[in-house]
Amino acid sequence: MSVHESSQTVDVDFVTPRYLAGGGDPAWITVPLHRACGWSHGHDPLMPRVILSSPDQKTLLRLEPDPDGSWWTIQHAAGPERPAWYASFGARTPVEIIAAFTDALTAPSADVADAWDPLAPLHDAGWSPTPSHNRLVSPDGTVGVDLHEATGTWWVTTTLNQAHRPVWQAHFGEHTPPHLITAFTTALTDPTPVARISTVDSLPTRDPHRVSPTRAEVRASQIAFVLEDRVRTLAARHKAPTAPPGLPRRPSADPGHTR
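These numbers come from a predicted model, not from an experiment.

Visitor: Any chance you could explain the packing of helix 1 (residues 27-35) against helix 2 (residues 95-106) here in plain terms?
Guide: The relative placement of two packed helices is expressed as an angle between their axes plus a distance between the axes. The contact between helix 1 and helix 2 brings their axes to 9 Å, and the two run at 20°. With respect to helix 2, the axis of helix 1 lies roughly parallel. Counting all contacts with helix 1, which are made through Trp28, Ile29 and Leu33, the residues of helix 2 involved are Val95, Glu96, Ile98, Ala99, Thr102 and Thr106.

Visitor: Which parts of the structure should I look at to understand the pattern of salt bridges?
Guide: Between side chains of opposite charge, pairing is possible as soon as their charged atoms come close. Per the counting criterion, the structure on display carries ten salt bridges. When the shortest N-O distance is used, the salt bridge between Arg18 and Asp190 registers 3.7 Å. Of this pair, Arg18 sits in the loop between strand 2 (9-16) and helix 1 while Asp190 sits in the loop between helix 4 (178-188) and strand 13 (194-196), and the two are 172 residues apart along the sequence. A salt bridge links Arg35 to Glu228; its shortest N-O distance comes to 2.9 Å. Of this pair, Arg35 sits in helix 1 while Glu228 sits in helix 6 (residues 220-236), and the two are 193 residues apart along the sequence.

Visitor: Would you explain the layout of surface pockets in this entry?
Guide: Space left empty within the atom packing is revealed by a probe, the size of a water molecule, rolled over the atoms. By volume, the largest pocket amounts to about 730 Å³. What lines the largest pocket is a set of 23 residues, and nearest its centre among them are Trp28, Glu96, Ala195, Arg196 and Ile223. Considering each element in turn, the lining of the largest pocket owes the most residues, four residues, to helix 6. Its residues placed into classes, the lining of the largest pocket shows 14 nonpolar, five polar and four charged.

Visitor: Any chance you could explain the nonpolar core here in plain terms?
Guide: Inside soluble globular proteins, nonpolar side chains tend to come together where they are buried. Counting residues in each nonpolar core, the largest one holds 43 residues, and the members touching the most others are Phe89, Phe101, Val156, Phe172, Phe184 and Leu188. Among the elements that make up this core, the one with the highest residue count is helix 2 (seven residues). Excluding its chain neighbours within four sequence positions, the residues that come into contact with Phe172 are Tyr86, Ala87, Phe89, Phe101, Thr153, Trp154, Val156, Ile181 and Phe184. Residues Ala21, Val194, Leu203 and Val211 belong to the second largest nonpolar core, which totals five residues.

Visitor: Even after reading the chapter, I still don't get empty space enclosed by the protein, so can you show me in this structure?
Guide: The final tally for this structure, using the stated rule, is one cavity of 30 Å³ or more. Taken together, Ile29, Pro32, Leu33, Cys37, Thr102, Asp103, Thr106, Arg230 and Leu234 make up the full set of residues lining the largest cavity. Listing elements by their share of the lining of the largest cavity, those giving two or more residues are helix 1, helix 2 and helix 6. A class-by-class count of the residues in the lining of the largest cavity yields five nonpolar, two polar and two charged.

Visitor: Where do I start with the side chain of Thr59 in this structure?
Guide: Mapped onto the secondary structure, Thr59 falls in strand 5 (residues 59-63). Exposure remark for Thr59: the relative accessible area of 5% places this residue in the buried category. Looking at Thr59, its side chain comes within polar contact range of the side chain of His76, at 2.6 Å. If we ignore the near neighbours within four places in the chain, the residues touching Thr59 are Trp39, Leu52, Ser53, Ser54, Ile74, Gln75, His76 and Leu105.

Visitor: For this particular structure, what's the right way to read helix 4?
Guide: Side chains of residues three or four places apart in an α-helix project in the same direction, reflecting 3.6 residues per turn. Of all eleven residues that make up helix 4, nine are buried, and the element is covered over most of its length. Along helix 4, the residues that are buried comprise His179, Leu180, Ile181, Thr182, Ala183, Phe184, Thr185, Ala187 and Leu188. Contacts from the buried residues of helix 4 go to strand 7 (85-89), helix 2, helix 3 (120-124), strand 10 (143-148), strand 11 (153-158) and strand 12 (168-172).

The rules behind the values
- Residues numbered from 1 in each chain as written.
- Predicted model: local features only at pLDDT ≥ 70, side-chain atom pairs only at ≥ 80, totals over all residues.
- Heavy atoms only, no water.
- Axes fitted to C-alpha atoms, helices over the stretch in contact; angles between N-to-C directions.
- Helix = DSSP H or I, 4+ residues; strand = E, 2+ residues; numbered from the N terminus.
- Parallel < 35°, antiparallel > 145°, perpendicular 65-115°, else oblique.
- Contact = heavy atoms within 4.5 Å.
- Salt bridge = Lys/Arg side-chain N within 4 Å of Asp/Glu carboxyl O.
- 1 Å grid on protein atoms, 1.4 Å probe; cavity = no way out; pocket = protein on both sides within 12 Å on 5 of 7 lines; lining within 4 Å.
- Points joined across faces, edges and corners; volume = space filled by probe spheres on them.
- Nonpolar A, V, L, I, M, F, W, Y, C, P; charged D, E, K, R; others polar.
- Core = buried A, V, L, I, M, F, W, Y, C linked by side-chain atoms within 4.5 Å.
- Buried < 20%, exposed > 50% of the residue type's maximum accessible area, 1.4 Å probe, protein only.
- Polar contact = N/O pair within 3.5 Å; in protein donor to acceptor, adjacent residues only side chain to side chain.

Take it as geometry only, folks, not as evidence of what the structure does.
The structure is reproduced here in structure tokens:
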């Protein structure tokens, strides 16, 4: 972070495409889950991990540094209407894309209709089909989304070079609700740049033909405000609606009754 003491600004890079922006700040996910959605957390000072549990104790999010596996995992217990499911995300999966998944998960009035098609946002964004059935690839060829029909699982893989390990992968297990995967693919194709600090260290590539960071000076106070505003926005979803002022009183059932 580069902070200029005289003006208190921070150098921020706004990166496109977002799927090559690096992981970002995990607080973008964990803080709203705890403060806006009521998820509880455990604390073990001897373990470098975060564990959050939903208020109904049905969903568990684990953030654990694992050089050989997924850093983010979400497990949901079985219920009367849906079997158990899970999702996982690699360390360099942009937090904004994961947050779209968790925001949809915690929405109090989520539409879980079966009509959701996670491939639709990719088609709309011009992603190309491949000879492999149910596989779409981003216009720049770096991201592939695969639906394995035999198992009902989804894989999202971002790769700069087929000879190297993927930059990041996301995996959605069988029975993961389609509206959650659709929220993920919608965020994946969103052309809006995402903000990154210390971009030189976090970007998986600086190839100008693949990634386009635009640097700007932003007030340090504004950086903190963005997260606080996100928390307030998500918390507002859980507040019961109140009747607007000035509504007329409900008429009496007895037309002859007067006060």
